[in-house]
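As a plain string of letters, each chain reads:
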Amino acid sequence: MKKIFTIIYIIAGCGLNAQQKTWSLSDCLNYALENDFLLKETKLNSEIADQQITAAYGNLLPNAHLYADHQYNFGSVIDPTTNARVSSDIRSNSFSFSSNISLFNWENFVRIKSAKLQKEKAKYDLEIKKNELIIQIVQAFYQLMYDEEQLKLLEKHKENNLKNLVRVEIEVELGNKAKSDLYEMQASLANDEQNIVSAENSVRLSKLNLMNLLNLKEVVNFVSFDYSSTELPLQSLDLLYENGLQTRPEIKAAELQNLISENAVKTEKSRYLPTLNGNYSLSSFYVDVESASLSDQIRNNKNHYLGVSLNIPVFNRLQTRTSVQELKIESEQAKLQAEQQKQAYYKALSQVYTQALNAYETWQSAEKNAIAQQKSFEKTEEKFKQGMIDAYGYFAARNNLLSAQTTLLQAKFTFQYENALLHWYVTNEVKF
(Lines give C-alpha, C1' and ligand atoms only; values in the text may rest on other atoms or scores of the structure.)
Protein backbone atom coordinates (compact mmCIF):
# COMPACT_ATOMS: atom_id res chain seq x y z
CA MET A 1 0.00 0.00 0.00
CA LYS A 2 2.85 2.37 0.85
CA LYS A 3 4.40 1.77 -2.57
CA ILE A 4 1.08 2.57 -4.25
CA PHE A 5 0.82 5.92 -2.43
CA THR A 6 4.42 6.69 -3.38
CA ILE A 7 3.71 6.00 -7.05
CA ILE A 8 0.55 8.16 -6.95
CA TYR A 9 2.50 11.00 -5.31
CA ILE A 10 5.21 10.84 -7.98
CA ILE A 11 2.64 10.81 -10.79
CA ALA A 12 0.77 13.75 -9.25
CA GLY A 13 4.02 15.67 -8.87
CA CYS A 14 4.91 15.06 -12.49
CA GLY A 15 1.46 16.28 -13.50
CA LEU A 16 1.90 19.50 -11.52
CA ASN A 17 5.32 20.10 -13.04
CA ALA A 18 3.89 19.53 -16.50
CA GLN A 19 1.23 22.16 -15.88
CA GLN A 20 3.65 24.69 -14.41
CA LYS A 21 3.89 27.86 -16.47
CA THR A 22 7.16 28.98 -17.97
CA TRP A 23 7.61 32.74 -18.17
CA SER A 24 10.25 34.94 -19.70
CA LEU A 25 10.88 38.54 -18.72
CA SER A 26 8.53 39.62 -21.50
CA ASP A 27 5.78 37.40 -20.10
CA CYS A 28 6.27 38.89 -16.64
CA LEU A 29 6.00 42.45 -17.92
CA ASN A 30 2.93 41.71 -20.05
CA TYR A 31 1.17 40.03 -17.14
CA ALA A 32 2.01 42.84 -14.72
CA LEU A 33 0.84 45.58 -17.08
CA GLU A 34 -2.49 43.82 -17.56
CA ASN A 35 -3.19 42.73 -13.99
CA ASP A 36 -1.51 45.13 -11.55
CA PHE A 37 -4.14 46.66 -9.26
CA LEU A 38 -2.38 50.03 -8.96
CA LEU A 39 -2.29 50.36 -12.75
CA LYS A 40 -5.97 49.47 -12.99
CA GLU A 41 -6.74 52.12 -10.40
CA THR A 42 -4.64 54.69 -12.25
CA LYS A 43 -6.43 53.86 -15.52
CA LEU A 44 -9.68 54.93 -13.91
CA ASN A 45 -8.28 58.47 -13.69
CA SER A 46 -8.28 58.54 -17.47
CA GLU A 47 -11.96 57.58 -17.49
CA ILE A 48 -12.67 60.36 -14.99
CA ALA A 49 -10.89 62.79 -17.32
CA ASP A 50 -13.14 61.63 -20.18
CA GLN A 51 -16.19 62.48 -18.11
CA GLN A 52 -14.74 65.88 -17.26
CA ILE A 53 -14.34 66.63 -20.97
CA THR A 54 -17.95 65.62 -21.59
CA ALA A 55 -19.08 67.84 -18.73
CA ALA A 56 -17.06 70.78 -20.08
CA TYR A 57 -18.67 70.47 -23.51
CA GLY A 58 -22.04 70.02 -21.81
CA ASN A 59 -21.81 73.58 -20.45
CA LEU A 60 -22.23 74.83 -24.03
CA LEU A 61 -25.61 73.13 -24.37
CA PRO A 62 -28.94 74.54 -23.18
CA ASN A 63 -30.59 73.10 -20.11
CA ALA A 64 -34.28 72.30 -19.83
CA HIS A 65 -36.75 71.92 -16.95
CA LEU A 66 -40.31 70.73 -16.67
CA TYR A 67 -42.49 71.84 -13.76
CA ALA A 68 -46.00 70.93 -12.64
CA ASP A 69 -48.03 71.48 -9.46
CA HIS A 70 -51.45 70.68 -8.01
CA GLN A 71 -52.92 73.11 -5.42
CA TYR A 72 -56.01 73.60 -3.25
CA ASN A 73 -56.94 77.07 -1.98
CA PHE A 74 -59.68 77.59 0.67
CA GLY A 75 -61.48 80.72 1.93
CA SER A 76 -60.61 84.14 0.61
CA VAL A 77 -58.43 83.48 -2.41
CA ILE A 78 -57.36 85.11 -5.71
CA ASP A 79 -59.22 83.76 -8.68
CA PRO A 80 -56.45 83.20 -11.27
CA THR A 81 -58.86 83.75 -14.14
CA THR A 82 -59.97 87.26 -13.02
CA ASN A 83 -57.29 88.17 -10.47
CA ALA A 84 -60.14 89.19 -8.16
CA ARG A 85 -60.40 88.08 -4.55
CA VAL A 86 -63.28 85.72 -3.99
CA SER A 87 -64.55 83.57 -1.18
CA SER A 88 -64.38 80.11 -2.63
CA ASP A 89 -62.53 76.81 -2.67
CA ILE A 90 -60.35 76.53 -5.79
CA ARG A 91 -58.36 73.63 -7.15
CA SER A 92 -55.69 74.60 -9.69
CA ASN A 93 -52.86 73.08 -11.73
CA SER A 94 -49.95 74.83 -13.37
CA PHE A 95 -47.44 73.54 -15.92
CA SER A 96 -44.25 75.06 -17.27
CA PHE A 97 -41.23 74.34 -19.41
CA SER A 98 -38.12 76.50 -19.18
CA SER A 99 -34.71 76.50 -20.81
CA ASN A 100 -31.65 78.73 -20.82
CA ILE A 101 -28.41 78.70 -22.71
CA SER A 102 -25.10 80.41 -22.21
CA LEU A 103 -24.63 82.53 -25.31
CA PHE A 104 -21.23 83.77 -24.17
CA ASN A 105 -19.16 82.64 -21.20
CA TRP A 106 -15.44 82.45 -21.90
CA GLU A 107 -14.90 80.26 -18.85
CA ASN A 108 -16.73 77.39 -20.57
CA PHE A 109 -14.24 77.35 -23.46
CA VAL A 110 -11.23 77.56 -21.15
CA ARG A 111 -12.55 74.66 -19.08
CA ILE A 112 -12.76 72.49 -22.19
CA LYS A 113 -9.06 73.04 -22.83
CA SER A 114 -8.25 72.33 -19.18
CA ALA A 115 -10.21 69.07 -19.28
CA LYS A 116 -8.33 67.96 -22.41
CA LEU A 117 -4.99 68.76 -20.76
CA GLN A 118 -6.02 66.75 -17.70
CA LYS A 119 -6.92 63.84 -19.98
CA GLU A 120 -3.50 63.96 -21.64
CA LYS A 121 -1.74 64.24 -18.30
CA ALA A 122 -3.65 61.22 -16.99
CA LYS A 123 -2.15 59.24 -19.86
CA TYR A 124 1.38 60.17 -18.85
CA ASP A 125 0.63 59.59 -15.18
CA LEU A 126 -0.32 56.04 -16.13
CA GLU A 127 2.94 55.68 -18.07
CA ILE A 128 4.87 56.81 -15.01
CA LYS A 129 3.19 54.15 -12.87
CA LYS A 130 3.88 51.55 -15.55
CA ASN A 131 7.55 52.52 -15.64
CA GLU A 132 7.89 52.30 -11.88
CA LEU A 133 6.45 48.78 -11.96
CA ILE A 134 8.48 47.74 -15.00
CA ILE A 135 11.82 48.74 -13.52
CA GLN A 136 11.02 46.90 -10.27
CA ILE A 137 10.17 43.73 -12.19
CA VAL A 138 13.24 43.98 -14.42
CA GLN A 139 15.47 44.44 -11.38
CA ALA A 140 13.86 41.51 -9.57
CA PHE A 141 14.08 39.31 -12.68
CA TYR A 142 17.77 40.07 -13.19
CA GLN A 143 18.43 39.33 -9.52
CA LEU A 144 16.68 35.96 -9.82
CA MET A 145 18.62 35.07 -12.95
CA TYR A 146 21.88 36.02 -11.26
CA ASP A 147 21.08 33.95 -8.17
CA GLU A 148 20.20 30.94 -10.33
CA GLU A 149 23.42 31.25 -12.34
CA GLN A 150 25.39 31.57 -9.10
CA LEU A 151 23.74 28.39 -7.82
CA LYS A 152 24.67 26.55 -11.03
CA LEU A 153 28.26 27.75 -10.68
CA LEU A 154 28.49 26.48 -7.10
CA GLU A 155 26.93 23.15 -8.04
CA LYS A 156 29.46 22.79 -10.83
CA HIS A 157 32.35 23.35 -8.42
CA LYS A 158 30.81 20.90 -5.96
CA GLU A 159 30.55 18.27 -8.71
CA ASN A 160 34.21 18.79 -9.53
CA ASN A 161 35.06 18.51 -5.84
CA LEU A 162 33.19 15.22 -5.56
CA LYS A 163 35.21 13.76 -8.44
CA ASN A 164 38.46 14.85 -6.82
CA LEU A 165 37.31 13.55 -3.43
CA VAL A 166 36.80 10.05 -4.85
CA ARG A 167 40.22 10.15 -6.48
CA VAL A 168 41.92 11.45 -3.33
CA GLU A 169 40.25 8.76 -1.19
CA ILE A 170 41.73 6.10 -3.48
CA GLU A 171 45.17 7.70 -3.45
CA VAL A 172 45.12 8.00 0.35
CA GLU A 173 44.31 4.30 0.60
CA LEU A 174 47.24 3.60 -1.74
CA GLY A 175 49.46 5.86 0.35
CA ASN A 176 50.10 8.32 -2.46
CA LYS A 177 48.54 11.26 -0.62
CA ALA A 178 48.42 12.36 2.99
CA LYS A 179 45.22 12.13 5.01
CA SER A 180 45.37 15.88 5.47
CA ASP A 181 44.56 16.25 1.77
CA LEU A 182 41.50 14.06 2.26
CA TYR A 183 40.39 16.11 5.25
CA GLU A 184 40.82 19.29 3.23
CA MET A 185 38.71 17.82 0.41
CA GLN A 186 35.97 16.82 2.85
CA ALA A 187 36.02 20.23 4.50
CA SER A 188 35.87 21.94 1.13
CA LEU A 189 32.94 19.76 0.07
CA ALA A 190 31.08 20.64 3.28
CA ASN A 191 31.75 24.31 2.59
CA ASP A 192 30.40 23.85 -0.96
CA GLU A 193 27.23 22.31 0.41
CA GLN A 194 26.79 25.22 2.82
CA ASN A 195 27.29 27.74 0.03
CA ILE A 196 24.77 25.88 -2.13
CA VAL A 197 22.17 25.95 0.64
CA SER A 198 22.72 29.69 1.00
CA ALA A 199 22.46 30.13 -2.79
CA GLU A 200 19.25 28.07 -2.88
CA ASN A 201 17.78 30.31 -0.19
CA SER A 202 18.71 33.36 -2.25
CA VAL A 203 16.99 31.87 -5.30
CA ARG A 204 13.83 31.16 -3.33
CA LEU A 205 13.76 34.67 -1.86
CA SER A 206 14.39 36.28 -5.26
CA LYS A 207 11.66 34.19 -6.84
CA LEU A 208 9.25 35.06 -4.03
CA ASN A 209 10.04 38.76 -4.44
CA LEU A 210 9.33 38.58 -8.18
CA MET A 211 6.09 36.65 -7.66
CA ASN A 212 4.96 39.20 -5.07
CA LEU A 213 5.59 42.02 -7.53
CA LEU A 214 3.46 40.16 -10.05
CA ASN A 215 0.80 39.31 -7.43
CA LEU A 216 1.12 35.64 -8.36
CA LYS A 217 -0.13 32.82 -6.17
CA GLU A 218 0.56 29.94 -8.53
CA VAL A 219 4.09 28.65 -9.02
CA VAL A 220 5.77 29.85 -12.20
CA ASN A 221 9.05 28.73 -13.74
CA PHE A 222 11.00 31.81 -14.78
CA VAL A 223 13.39 31.14 -17.67
CA SER A 224 16.68 32.91 -18.25
CA PHE A 225 17.65 34.86 -21.33
CA ASP A 226 20.76 35.52 -23.38
CA TYR A 227 22.89 38.17 -21.71
CA SER A 228 25.77 38.10 -24.18
CA SER A 229 25.03 41.53 -25.66
CA THR A 230 27.99 43.91 -25.59
CA GLU A 231 26.29 46.97 -27.05
CA LEU A 232 27.38 50.28 -25.60
CA PRO A 233 25.74 53.69 -25.98
CA LEU A 234 27.39 55.27 -29.03
CA GLN A 235 25.78 58.67 -28.59
CA SER A 236 26.97 61.38 -26.25
CA LEU A 237 25.26 62.01 -22.93
CA ASP A 238 23.88 65.37 -24.13
CA LEU A 239 22.35 63.78 -27.24
CA LEU A 240 20.82 60.98 -25.16
CA TYR A 241 19.39 63.62 -22.85
CA GLU A 242 17.81 65.55 -25.73
CA ASN A 243 16.28 62.34 -27.08
CA GLY A 244 15.04 61.36 -23.65
CA LEU A 245 13.24 64.67 -23.17
CA GLN A 246 10.97 63.70 -26.05
CA THR A 247 9.96 60.33 -24.60
CA ARG A 248 10.03 60.42 -20.79
CA PRO A 249 6.47 60.52 -19.38
CA GLU A 250 7.51 62.32 -16.19
CA ILE A 251 8.88 65.17 -18.33
CA LYS A 252 5.71 65.29 -20.40
CA ALA A 253 3.54 65.17 -17.29
CA ALA A 254 5.46 68.06 -15.71
CA GLU A 255 5.13 70.14 -18.88
CA LEU A 256 1.41 69.42 -19.03
CA GLN A 257 1.01 70.38 -15.40
CA ASN A 258 2.64 73.68 -16.28
CA LEU A 259 0.08 74.21 -19.08
CA ILE A 260 -2.75 73.22 -16.75
CA SER A 261 -1.57 75.82 -14.24
CA GLU A 262 -1.41 78.50 -16.93
CA ASN A 263 -4.89 77.55 -18.08
CA ALA A 264 -6.16 77.79 -14.51
CA VAL A 265 -5.09 81.44 -14.51
CA LYS A 266 -7.02 82.01 -17.73
CA THR A 267 -10.05 80.29 -16.23
CA GLU A 268 -10.03 82.60 -13.23
CA LYS A 269 -9.42 85.68 -15.40
CA SER A 270 -12.52 84.81 -17.43
CA ARG A 271 -14.55 85.87 -14.37
CA TYR A 272 -13.64 89.47 -15.27
CA LEU A 273 -15.59 89.14 -18.53
CA PRO A 274 -19.35 89.62 -18.97
CA THR A 275 -21.62 86.65 -19.56
CA LEU A 276 -24.62 86.56 -21.90
CA ASN A 277 -27.50 84.12 -21.41
CA GLY A 278 -30.65 83.37 -23.37
CA ASN A 279 -33.87 82.29 -21.64
CA TYR A 280 -37.12 80.79 -22.79
CA SER A 281 -40.17 79.52 -20.91
CA LEU A 282 -43.61 78.18 -21.73
CA SER A 283 -46.33 77.98 -19.05
CA SER A 284 -50.05 77.42 -18.62
CA PHE A 285 -52.57 76.63 -15.88
CA TYR A 286 -55.97 75.11 -15.10
CA VAL A 287 -58.57 76.00 -12.41
CA ASP A 288 -61.73 74.14 -11.57
CA VAL A 289 -63.91 77.29 -11.23
CA GLU A 290 -64.09 77.62 -14.98
CA SER A 291 -66.41 75.54 -17.10
CA ALA A 292 -63.83 75.04 -19.87
CA SER A 293 -62.16 71.68 -20.10
CA LEU A 294 -58.59 71.00 -19.02
CA SER A 295 -57.28 70.93 -22.58
CA ASP A 296 -59.05 74.14 -23.52
CA GLN A 297 -57.73 75.98 -20.45
CA ILE A 298 -54.18 74.74 -21.05
CA ARG A 299 -54.38 75.99 -24.64
CA ASN A 300 -56.02 79.30 -23.79
CA ASN A 301 -53.78 80.10 -20.80
CA LYS A 302 -50.48 79.52 -22.60
CA ASN A 303 -47.73 82.04 -21.95
CA HIS A 304 -44.38 82.34 -23.74
CA TYR A 305 -41.30 84.14 -22.42
CA LEU A 306 -38.15 84.82 -24.40
CA GLY A 307 -35.33 86.94 -23.00
CA VAL A 308 -31.63 87.72 -22.99
CA SER A 309 -29.67 88.63 -19.88
CA LEU A 310 -26.25 90.26 -19.63
CA ASN A 311 -24.17 90.03 -16.48
CA ILE A 312 -21.17 92.38 -16.19
CA PRO A 313 -18.92 91.86 -13.17
CA VAL A 314 -17.95 95.18 -11.59
CA PHE A 315 -16.58 94.50 -8.15
CA ASN A 316 -16.62 91.35 -6.01
CA ARG A 317 -14.52 92.45 -3.05
CA LEU A 318 -11.18 91.55 -4.73
CA GLN A 319 -11.99 87.83 -4.66
CA THR A 320 -11.29 87.24 -8.35
CA ARG A 321 -8.14 89.36 -8.31
CA THR A 322 -6.79 87.48 -5.29
CA SER A 323 -7.54 84.10 -6.88
CA VAL A 324 -5.79 85.16 -10.10
CA GLN A 325 -2.67 86.20 -8.18
CA GLU A 326 -2.62 82.94 -6.24
CA LEU A 327 -2.95 80.90 -9.43
CA LYS A 328 -0.14 82.91 -11.05
CA ILE A 329 2.11 81.95 -8.16
CA GLU A 330 1.09 78.31 -8.55
CA SER A 331 1.84 78.58 -12.27
CA GLU A 332 5.36 79.81 -11.51
CA GLN A 333 5.78 76.90 -9.10
CA ALA A 334 4.68 74.50 -11.85
CA LYS A 335 7.32 75.99 -14.20
CA LEU A 336 10.01 75.48 -11.57
CA GLN A 337 8.85 71.93 -10.96
CA ALA A 338 9.03 71.19 -14.68
CA GLU A 339 12.61 72.48 -14.78
CA GLN A 340 13.43 70.52 -11.63
CA GLN A 341 12.05 67.38 -13.28
CA LYS A 342 14.33 67.92 -16.27
CA GLN A 343 17.28 68.47 -13.98
CA ALA A 344 16.46 65.35 -11.98
CA TYR A 345 16.19 63.38 -15.22
CA TYR A 346 19.59 64.61 -16.39
CA LYS A 347 21.19 63.62 -13.09
CA ALA A 348 19.61 60.16 -13.19
CA LEU A 349 20.54 59.68 -16.86
CA SER A 350 24.14 60.77 -16.35
CA GLN A 351 24.47 58.41 -13.40
CA VAL A 352 23.07 55.45 -15.34
CA TYR A 353 25.21 56.38 -18.36
CA THR A 354 28.36 56.38 -16.25
CA GLN A 355 27.35 53.18 -14.46
CA ALA A 356 26.77 51.41 -17.79
CA LEU A 357 30.22 52.41 -19.05
CA ASN A 358 31.86 51.38 -15.79
CA ALA A 359 29.95 48.09 -15.75
CA TYR A 360 31.11 47.32 -19.28
CA GLU A 361 34.75 47.93 -18.39
CA THR A 362 34.35 45.84 -15.23
CA TRP A 363 32.83 43.04 -17.29
CA GLN A 364 35.70 43.06 -19.78
CA SER A 365 38.36 43.02 -17.09
CA ALA A 366 36.51 40.34 -15.10
CA GLU A 367 36.30 38.18 -18.20
CA LYS A 368 40.06 38.43 -18.76
CA ASN A 369 40.69 37.62 -15.12
CA ALA A 370 38.34 34.61 -15.22
CA ILE A 371 40.11 33.23 -18.30
CA ALA A 372 43.49 33.66 -16.63
CA GLN A 373 42.28 32.06 -13.39
CA GLN A 374 40.78 29.16 -15.35
CA LYS A 375 44.11 28.44 -17.01
CA SER A 376 45.95 28.79 -13.71
CA PHE A 377 43.52 26.41 -11.99
CA GLU A 378 43.85 23.82 -14.73
CA LYS A 379 47.64 23.83 -14.31
CA THR A 380 47.32 23.68 -10.52
CA GLU A 381 44.80 20.84 -10.71
CA GLU A 382 47.12 18.86 -12.93
CA LYS A 383 49.96 19.40 -10.46
CA PHE A 384 47.69 18.32 -7.61
CA LYS A 385 46.79 15.11 -9.44
CA GLN A 386 50.49 14.41 -9.95
CA GLY A 387 51.23 15.05 -6.27
CA MET A 388 53.40 18.07 -6.97
CA ILE A 389 51.36 20.33 -4.63
CA ASP A 390 49.19 19.66 -1.60
CA ALA A 391 45.49 20.40 -1.10
CA TYR A 392 46.21 23.88 0.31
CA GLY A 393 47.68 25.03 -3.01
CA TYR A 394 44.91 23.32 -4.94
CA PHE A 395 42.14 24.98 -2.96
CA ALA A 396 43.83 28.35 -3.13
CA ALA A 397 43.72 28.16 -6.93
CA ARG A 398 40.16 26.78 -6.84
CA ASN A 399 38.92 29.59 -4.60
CA ASN A 400 40.60 32.16 -6.82
CA LEU A 401 38.80 30.68 -9.82
CA LEU A 402 35.44 30.60 -8.02
CA SER A 403 35.91 34.21 -6.94
CA ALA A 404 36.83 35.25 -10.49
CA GLN A 405 33.86 33.41 -11.99
CA THR A 406 31.49 34.91 -9.42
CA THR A 407 32.85 38.39 -10.16
CA LEU A 408 32.44 37.78 -13.89
CA LEU A 409 28.88 36.55 -13.43
CA GLN A 410 28.00 39.58 -11.35
CA ALA A 411 29.70 41.91 -13.83
CA LYS A 412 27.74 40.43 -16.74
CA PHE A 413 24.39 40.87 -15.06
CA THR A 414 25.31 44.31 -13.74
CA PHE A 415 26.21 45.51 -17.22
CA GLN A 416 23.07 44.01 -18.75
CA TYR A 417 20.88 45.62 -16.12
CA GLU A 418 22.58 49.03 -16.36
CA ASN A 419 22.51 48.90 -20.15
CA ALA A 420 18.81 47.98 -20.17
CA LEU A 421 18.17 50.75 -17.64
CA LEU A 422 20.01 53.26 -19.81
CA HIS A 423 17.99 52.23 -22.86
CA TRP A 424 14.81 52.60 -20.82
CA TYR A 425 15.81 56.06 -19.60
CA VAL A 426 16.31 57.27 -23.17
CA THR A 427 13.59 55.47 -25.14
CA ASN A 428 11.08 54.65 -22.39
CA GLU A 429 11.22 51.04 -23.64
CA VAL A 430 12.64 47.93 -21.95
CA LYS A 431 15.36 46.19 -23.91
CA PHE A 432 16.07 42.55 -23.09
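Residues numbered from 1 in each chain as written. Predicted model: local features only at pLDDT ≥ 70, side-chain atom pairs only at ≥ 80, totals over all residues. Heavy atoms only, no water.

Draft legend 1. Seen up close, the nonpolar core. Core analysis: the biggest nonpolar cluster contains 51 residues, and Ile137, Leu210, Leu214, Phe222 and Leu349 have the highest contact counts within it. Those elements giving two or more residues to this core turn out to be α2 (25-35), α4 (106-174), α5 (179-214), β6 (220-222), α6 (237-245), α9 (319-385) and α10 (391-427). Among the elements that line this core, the one with the most residues is α4, at 15 residues. Not counting the four nearest positions on each side in its chain, Leu214 is found in contact with Trp23, Cys28, Tyr31, Ala32, Ile137 and Phe222. One finds Val168, Phe377, Tyr394 and Ala397 within the second-largest nonpolar core, a separate group that totals 13 residues. (Core = buried A, V, L, I, M, F, W, Y, C linked by side-chain atoms within 4.5 Å. Buried < 20%, exposed > 50% of the residue type's maximum accessible area, 1.4 Å probe, protein only. Helix = DSSP H or I, 4+ residues; strand = E, 2+ residues; numbered from the N terminus. Contact = heavy atoms within 4.5 Å.)

Draft legend 2. Main features of the pattern of salt bridges. Under the defined criterion, the tally for this structure stands at 14 salt bridges. For the salt bridge of Lys130 with Glu127, the shortest nitrogen-to-oxygen distance reads 3.8 Å. With Lys130 and Glu127 both in helix α4 and three residues apart, this pair spans about one turn of that helix. The partly exposed category is assigned to Glu127, whose relative accessible area is 25%. The structure contains a network of salt bridges with shared partners spanning Glu107, Arg111, Glu268 and Arg271. (Salt bridge = Lys/Arg side-chain N within 4 Å of Asp/Glu carboxyl O.)

Draft legend 3. Examining α10 more closely. Over its 37 residues, α10 extends 53 Å from the first C-alpha to the last, a length consistent with the 54 Å expected when each residue adds 1.5 Å. Counting buried positions along α10 gives 26 out of 37 residues, so the element sits mostly inside the fold. In this structure Asp390 caps α10, since a side-chain oxygen of it lies 3.3 Å from the backbone nitrogen of Tyr392. A positive phi of about 65° marks Asn428, the residue just after α10. (Expected span 1.5 Å × (residues − 1). Polar contact = N/O pair within 3.5 Å; in protein donor to acceptor, adjacent residues only side chain to side chain.)

Draft legend 4. Fine view of the sheet that holds strand β5 (residues 90-104). Strand order in the open sheet formed by four strands is β2-β5-β7-β8, and the pairing between neighbours is antiparallel. This sheet does not close on itself; its edge strands, each paired only once, are β2 (63-73) and β8 (303-311). With strand direction ignored, the average angle separating the axes of adjacent strands in the sheet is 20°. Here nine bridges tie strand β7 (residues 275-287) to β8, and the two strands are oriented antiparallel to one another. In the sheet register, Tyr280 faces β8, and the bridge partner there is Leu306. (Pairing = 2+ DSSP bridges. Axes fitted to C-alpha atoms, helices over the stretch in contact; angles between N-to-C directions.)

Draft legend 5. Region of the structure containing the packing of aromatic side chains. Applying the stated criterion to the full structure yields 16 aromatic pairs. Taken together, a centroid distance of 5.0 Å and an interplanar angle of 45° make the contact between Trp23 and Tyr31 tilted. By relative accessible area, Tyr31 is classed as partly exposed at 25%. Taking 6.3 Å as the distance between ring centres and 90° as the angle between the ring planes, the aromatic pair formed by Phe141 and Phe222 counts as edge-to-face. Of this pair, Phe141 sits in helix α4 while Phe222 sits in strand β6, and the two are 81 residues apart along the sequence. Since its relative accessible area comes to 0%, Phe141 is described here as buried. (Phe/Tyr/Trp six-rings, centres within 6.5 Å; stacked < 30°, edge-to-face > 60°.)

Draft legend 6. Up close: a nonpolar patch on the surface. A grouping of Leu103, Phe104, Trp106, Phe109, Tyr272, Leu273 and Val308 is seen on the molecular surface, where their side chains present a nonpolar patch of about 680 Å² in accessible area. For the nonpolar patch, the secondary structure elements donating two or more residues are β5 and α4. Following the sequence through the fold, Trp106 ends up in helix α4. (Patch = residues over 30% accessible without salt bridge, like charges linked within 9 Å, V, L, I, M, F, W, Y side chains within 5 Å. Areas by Shrake-Rupley, 256 points an atom, 1.4 Å probe, with all protein chains shown as cover.)

Draft legend 7. Highlighting the pairing of β7. Relative to β7, β5 runs antiparallel, the two sharing 12 bridges. Residue Asn93 lies in a different strand from β7, and its bridge partner there is Tyr286.

Draft legend 8. Molecular detail of the pairing of β5. Bridge count between β2 and β5: 11 bridges; the pairing is antiparallel. Bridging from a neighbouring strand, Gln71 pairs with Ser92 of β5.

Draft legend 9. Representation of the packing of α4 against α9. Remark: α4 packs on α9, axes separated minimally by 12 Å, with the N-to-C direction vectors making an angle of 20°. As judged from the angle between their axes, α4 and α9 are roughly parallel. Where α4 approaches α9, its residues Asn160, Asn164, Arg167, Val168 and Glu171 are matched on the opposing element by Phe377, Glu381, Phe384 and Lys385. Grouping the constituent residues of the contact of α4 with α9 by class yields three nonpolar, two polar and four charged. (Parallel < 35°, antiparallel > 145°, perpendicular 65-115°, else oblique. Nonpolar A, V, L, I, M, F, W, Y, C, P; charged D, E, K, R; others polar.)

Draft legend 10. The arrangement of the environment of Gln51 in detail. Considering the arrangement of structural elements, one finds Gln51 in helix α3 (residues 37-58). In this structure the C-alpha to C-alpha distance between Gln51 and Ala115, which are 64 residues apart in sequence, comes to 9.0 Å.

Draft legend 11. The confidence of the model for the protein chain, seen in detail. Counting all residues, the mean pLDDT for the protein chain is 87, and 92% of those residues have values of 70 or more. Of the regions scoring below 50 in pLDDT, residues 1-18 engages in zero contacts with residues more than four places distant in sequence or in other chains. (pLDDT = per-residue confidence, 0-100.)

Draft legend 12. Inspection of the side chain of Thr380 at higher detail. Here Thr380 shows up in helix α9. Looking at Thr380, its side chain comes within polar contact range of the main-chain oxygen of Ser376, at 2.9 Å.

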